[in-house]
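Residue-level structure breakdown
Below are the chains, spelled out letter by letter.
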Amino acid sequence: MMKLYTNMHSRGNTIIPLLKELNIENQVELVQMAYDQLKTTEYLNINPMGKVPCLVDGDAVITETPAIFAYLADKFIDQGFAPALNDPKRGEYFKWLFFCHGPLTEYMDMKMLNIPSEQIAEKKRSLGFGDEETVFGFIKQGLSQAKPYLLGDKISAADLFLAYWLIFAISFKIVPYLDEFKPFIQMIQQRDAVKDIAWIQAVSVL
């Protein structure tokens, strides 16, 4: 059985609904880690970064949330949440996973650290997200072209990851709940796998 090391207050929460979507909840043991446990020798031997989430599948140790999304979607590809290896859409699929973990996360970190906008503007060229207008413009364009999903008429783990990540950021008031985000988020919120997940449904009443 696979083990998912996580914490109920961490970004690992975004993986829980994915397990439901893939119908593999009974194949993954959730190991809730208190934050003071993350720096123990035992856990550092598993993940030297001392962070969660971390998925262990036999000898494979997968850290970084989008890597876990991609790994599980591929491992259970028969569930239809990842494009086939020879599908041209696979490139765009990875684009969204890496965008969320790269530019969007970098932007969120800057906001959480209260980095002044003037300082961000000075370093714009060396920042992965550029500035707020750029990172939001990327998302808005992608969602405006969705039909209704990022890759067309079929949902993928990239849709789930972007929606969960936006909801996570919106719930912590890091990212505003822009009108351009609402149709996409509301569509994902209607999925059976997340109807009983409070933090995902909460943004509808913000």
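Look up a bit, the structure's there.
Predicted model, so just to flag it, every value in this text is computed and none were measured. (Residues numbered from 1 in each chain as written. Predicted model: local features only at pLDDT ≥ 70, side-chain atom pairs only at ≥ 80, totals over all residues. Heavy atoms only, no water.)

1. A word on the layout of surface pockets
In this structure, the largest pocket occupies an estimated 440 Å³ of space. Surrounding the largest pocket, 21 residues form its lining, Ser-10, Arg-11, Lys-51, Val-52 and Pro-53 being those nearest its centre. Secondary-structure elements contributing two or more residues to the lining of the largest pocket are helix H4 (89–112) and helix H7 (157–171). Of the residues that constitute the lining of the largest pocket, the class distribution is eleven nonpolar, seven polar and three charged. (1 Å grid on protein atoms, 1.4 Å probe; cavity = no way out; pocket = protein on both sides within 12 Å on 5 of 7 lines; lining within 4 Å. Points joined across faces, edges and corners; volume = space filled by probe spheres on them. Helix = DSSP H or I, 4+ residues; strand = E, 2+ residues; numbered from the N terminus. Nonpolar A, V, L, I, M, F, W, Y, C, P; charged D, E, K, R; others polar.)

2. A few points about the pairing of strand E3 (residues 54–57)
On a regular strand, each side chain points to the face opposite its neighbour's, so the side chains alternate between the two faces of the sheet. Burial along E3 is two-sided: Cys-54 and Val-56 facing one way and Leu-55 and Asp-57 facing the other are all buried. As paired strands, strand E1 (residues 2–6) and E3 are joined by three bridges and run antiparallel to one another. Considered in E3, the bridge of Leu-4 is made with Leu-55. As paired elements, E3 and strand E4 (residues 60–63) share four bridges and run antiparallel to each other. Its bridge partner lying in E4, Val-56 is registered against Val-61. Counted along the chain from E3 to the antiparallel partner E4, the turn is two residues long, and its residue Gly-58 has a positive phi close to 65°. (Buried < 20%, exposed > 50% of the residue type's maximum accessible area, 1.4 Å probe, protein only. Pairing = 2+ DSSP bridges.)

3. Details of the environment of Arg-125
By the element assignment, Arg-125 lies in the loop between helix H5 (117–122) and helix H6 (132–144). Using a relative accessible area of 90% as the deciding quantity, one classes Arg-125 as exposed. Arg-125 sits 13 residues away from Phe-138 along the chain, and the two C-alpha atoms are 16 Å apart.

4. Some points on the pattern of salt bridges
The tally for this structure, following the rule as stated, stands at ten salt bridges. Notably, a salt bridge pairs Asp-74 with Arg-90, separated by 2.6 Å at the nearest N-O pair. Taken together, the residues span a long stretch of sequence, with Asp-74 in helix H3 (residues 65–75) and Arg-90 in helix H4 at a distance of 16 residues. Given the relative accessible area of 9%, Arg-90 is considered buried. Across the pair Glu-132 and Lys-111 runs a salt bridge, and its minimum N-O distance is 3.9 Å. You can see Glu-132 sitting in helix H6 and its partner Lys-111 sitting in helix H4, a full 21 residues away along the chain. (Salt bridge = Lys/Arg side-chain N within 4 Å of Asp/Glu carboxyl O.)

5. Some points on the side chain of Thr-14
Along the polypeptide, Thr-14 turns up in the loop between E1 and helix H1 (16–21). Of note is the side chain of Thr-14, whose polar atom sits 2.7 Å from the backbone oxygen of Arg-11. In contact with Thr-14, other than residues within four places in its own chain, are Thr-65, Phe-69, Tyr-164, Trp-165 and Trp-199. (Polar contact = N/O pair within 3.5 Å; in protein donor to acceptor, adjacent residues only side chain to side chain. Contact = heavy atoms within 4.5 Å.)

6. Brief notes about the packing of aromatic side chains
This model, assessed by the stated rule, comprises 14 aromatic pairs. Summarising the aromatic geometry, the rings of Trp-96 and Phe-99 are spaced 5.7 Å apart at their centres and angled 80° between planes, so their arrangement reads as edge-to-face. Pair noted here: Trp-96 and Phe-99 are both in helix H4, with a separation of three residues, about one helical turn. Pair check on accessibility: Trp-96 and Phe-99 agree, each one buried. Here the aromatic cluster, defined as three or more aromatic residues joined through ring pairs, consists of Phe-69, Phe-161, Tyr-164, Trp-165, Phe-168, Phe-172 and Trp-199. In this arrangement the basic side chain of Lys-182 is found over the ring face of Tyr-177, its NZ or CZ atom lying 5.3 Å from the centre. (Phe/Tyr/Trp six-rings, centres within 6.5 Å; stacked < 30°, edge-to-face > 60°. Lys NZ or Arg CZ within 6 Å of the ring centre and 35° of its normal.)

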